[in-house]
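Each chain, letter by letter, is given below.
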Amino acid sequence: MKIHEYQGKEILAKYGVPVPQGRVASTPDEVETIARELGKPVVVKAQVHAGGRGKAGGIKLGKTPEEARAVAEQILGMDIKGLTVEKVLVEEAADIKEEYYLGITTDRAARRNIVMVSKEGGIEIEIVAEENPDAIAKLHLDPAIGLQDFQIRQLGFDAKLPPVALKGMGAFLKALYRVYLDYDCSLAEINPLILTGEGKLIAADAKVNLDDNALFRHPDLAQYQEEQEDDPIEAEAHKRGLTYVRLDGDIGIIGNGAGLVMTTLDVVKREGGSPANFLDIGGGAKAEVVTKAIDTVLLDKNVKGIFFNIFGGITRGDEVAKGMLEAIATMNIQVPIVVRLTGTRAEEGLALLEGSALTPAATMQEGAQKIVALVNQKAA
Ligand code: GDP
Ligand code: MN
């Protein structure tokens, strides 16, 4: 899960990291008020889950509260990489002398967390890595040892940081590492860490990505998650405990197992269809789950047909068939449903479906062909 810069900065501030003074706003009025309260030139920054906001025009200076309001009017509602700006962070503008990079992420190949420090901050680290890889000092961390002072010094020397930055950045790195561990992060980054004209260090940007699998350990971050779900159907599906991703086609796809569902999307596409979603119901297929899955897929009004692709392993085919029959008996479904059942007790399952409103299919390809034909037929 990604969180916004202002949320990342809230976390960093809790860990004692100096961040610019400021607040988040969603209207030009609020922006003007905040700028007036701060009483100095401000920077207005788009809050979207994307980097490169500066280049995209999502970061602008306002010398006066009126100017802050004017730039906020430009930035709010703006589109950055397909995301609409609904909030901006208004904070005291920094007097930037130099920009550095500090980051921690997981290096899967090394099975370690890796710390990176660079003098080339302010631009995306991927670009530095490509154009000037020697400018990034790196260190893999031993989880039992953590991040020691001597390692921080070495990183600073390797990155050729000037003495003033060398001295101060250790506190930032240590805090960043504590945030990384405490919040189960997959990435924690300060880019840029700025050196001001007065020789002070401040975190001017914060990027904190959290490992979704550990979110249950951070109920305090639940509020951040709700905010980031832009698609109302996805948000509802997740509330119902379903693994659902919305796509832009018209054939609803339901299956058990992520790999199977992904393959189903490909096969439907190859047969000329266009999937409306990804939905993995996981193991088991009780009527209740089937009902929930169908109901969720049909929240998308583009859906003109549903393809169920079930592989019977521990989940028995006849149980699935019973679940489906029970589910459709209680629902008023207006679209064709094709069911492909295979594996454990598939024949028994398919026999149960005979004479019902469901169209059986013996293979995934046959199922895909049938649902595409049924949807096209309906459209014609
Ligand atoms: P990103 O492009 O999405 O990573 O957004 P950042 O927060 O990193 O900002 C991008 C760039 O905008 C920084 O590297 C700075 O050069 C510039 N910037 C951000 N905040 C300020 C500020 O307060 N004052 C000035 N002069 N420039 C800023
Ligand atoms: Mn940045």
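In the block above lies the structure referred to throughout.
Criteria and cut-off values
Note on numbering: residues in each chain are counted from 1, in written sequence order. Working convention: letters from A go to chains and numbers from 1 go to ligands, in the order in which they are written. Owing to the predicted nature of the model, reporting of local features is limited to residues with pLDDT of at least 70; listing and counting of side-chain atom pairs is limited to 80 or more, with chain, interface and lining totals taken over all residues. The basis for the side-chain values is all heavy atoms of the structure; hydrogens and waters are excluded. A run of DSSP states H or I qualifies as a helix once it reaches four residues; a run of E qualifies as a strand once it reaches two. Both are numbered from the N-terminal end. Think of it in three bands: with a 1.4 Å probe and only protein chains considered, a residue is buried below 20% of the maximum accessible area for its type, exposed above 50%, and partly exposed in between. We call two residues contacting when some pair of their heavy atoms lies within 4.5 Å. Only the protein chains shown count as cover for residues, and the accessible areas themselves come from Shrake-Rupley with a 1.4 Å probe. His is not counted, nor are the chain ends; Lys and Arg add positive charge and Asp and Glu add negative charge. All charge positions are set by atom: Lys at NZ, Arg at CZ, Asp at CG, Glu at CD. Donor atoms (N, O, S) are those found within 2.8 Å of the metal centre, with the cutoff raised to 3.2 Å for Na, K and Ca; water is not part of the atom list, so apparent gaps in a site can occur. Throughout this description, the term nonpolar core refers to a set of buried Ala, Val, Leu, Ile, Met, Phe, Trp, Tyr and Cys residues connected via side-chain atoms within 4.5 Å. In this description, a line fitted to the C-alpha atoms serves as the axis of each element, helices being fitted only across the stretch in contact, and the angle between N-to-C directions of two axes falls anywhere from 0 to 180 degrees. With respect to orientation, any angle under 35 degrees is reported as roughly parallel, any angle over 145 as roughly antiparallel, any angle of 65 to 115 as roughly perpendicular, and every other angle as oblique. The crossing is said to be left-handed when, going from far helix to near helix, the turn is anticlockwise and less than a right angle, and right-handed when the turn is clockwise. Residues are sorted three ways: Asp, Glu, Lys and Arg are charged, Ala, Val, Leu, Ile, Met, Phe, Trp, Tyr, Cys and Pro are nonpolar, and all the rest, Gly among them, are polar. Two strands form a pair only when DSSP identifies at least two bridges running between them.

Okay, the overall build of the protein chain next. Within the protein chain, the regular secondary structure consists of 13 helices and 18 strands. Principal-axis analysis of the C-alpha atoms gives the protein chain an extent of 80 × 50 × 35 Å. Burial status across the protein chain gives 48% buried among its 380 residues. Long-range pairs, those at least 24 residues apart, make up 67% of the contacts in the protein chain with a sequence separation of at least 6. Just so you have it, the protein chain exposes about 18600 Å², and 51% of that area is on carbon and sulfur atoms. Between the mean site of the 43 positive side-chain charges and the mean site of the 56 negative ones, the protein chain shows a separation of 2 Å.

Further remarks concern the coordination of the manganese ion (ligand 2). At 2.2 to 2.3 Å from the manganese ion (ligand 2) lie its protein donor atoms, namely Asn191 (O) and Asp205 (OD). With a gap of 14 residues between them, asparagine 191 in strand β10 (residues 185-196) and aspartate 205 in the loop between β11 (201-203) and β12 (207-210) connect regions that are remote in the sequence. You can call aspartate 205 buried: its relative accessible area is 16%.

With that settled, consider unusual backbone geometry. With glycine set apart, most residues show a phi of negative sign, and most peptide bonds adopt trans. Here the bond from asparagine 191 into proline 192 is cis, since omega is 10°, no more than 30 degrees from zero. Among the structural elements, proline 192 can be located in strand β10. In this model, lysine 160 sits at a positive phi of 60°, which is unusual for a non-glycine residue. Within the fold, lysine 160 resides in the loop between α5 (149-158) and α6 (163-182). The phi dihedral of arginine 345 falls on the positive side, at around 55°, and the residue is not glycine. Note on placement: arginine 345 falls in the loop between β17 (337-343) and α12 (346-353). Judged by its relative accessible area of 37%, arginine 345 falls in the partly exposed class.

What tends to happen in soluble globular proteins is that the nonpolar side chains get buried as a cluster. Membership of the largest hydrophobic core comes to 41 residues, with the highest contact counts inside it found for Leu102, Met169, Leu173 and Leu210. Residues within four places of methionine 169 in sequence aside, it is in contact with Leu102, Val117, Ile152, Gly156, Leu161, Leu193 and Leu201. Residues Val303, Ile328, Ile333 and Leu341 belong to the second largest nonpolar core, which totals 30 residues.

By the element assignment, threonine 196 lies in strand β10. The contact partners of threonine 196, leaving out residues within four places of it in the chain, are Asp95, Lys97 and Ile202.

At a minimum axis distance of 8 Å, the contact between helix α10 (residues 287-297) and helix α11 (residues 317-330) shows a crossing angle of 55°. Relative to α11, the element α10 is oriented oblique. Crossing of α10 over α11 shows right-handed handedness. Residues Ala287, Val290, Thr291 and Ile294 of α10 pack against Gly323, Met324, Glu326, Ala327 and Ile328 of α11. Its residues placed into classes, the contact of α10 with α11 shows six nonpolar, two polar and one charged.

By the alternation rule, side chains of strand β15 (residues 277-280) split into Asn277 and Leu279 and Phe278 and Asp280, which are all buried. Inspection of the sheet shows strand β13 (residues 243-246) paired to β15 by four bridges, in the antiparallel sense. Residue pairing in the sheet places valine 245 in a bridge with phenylalanine 278 of β15.

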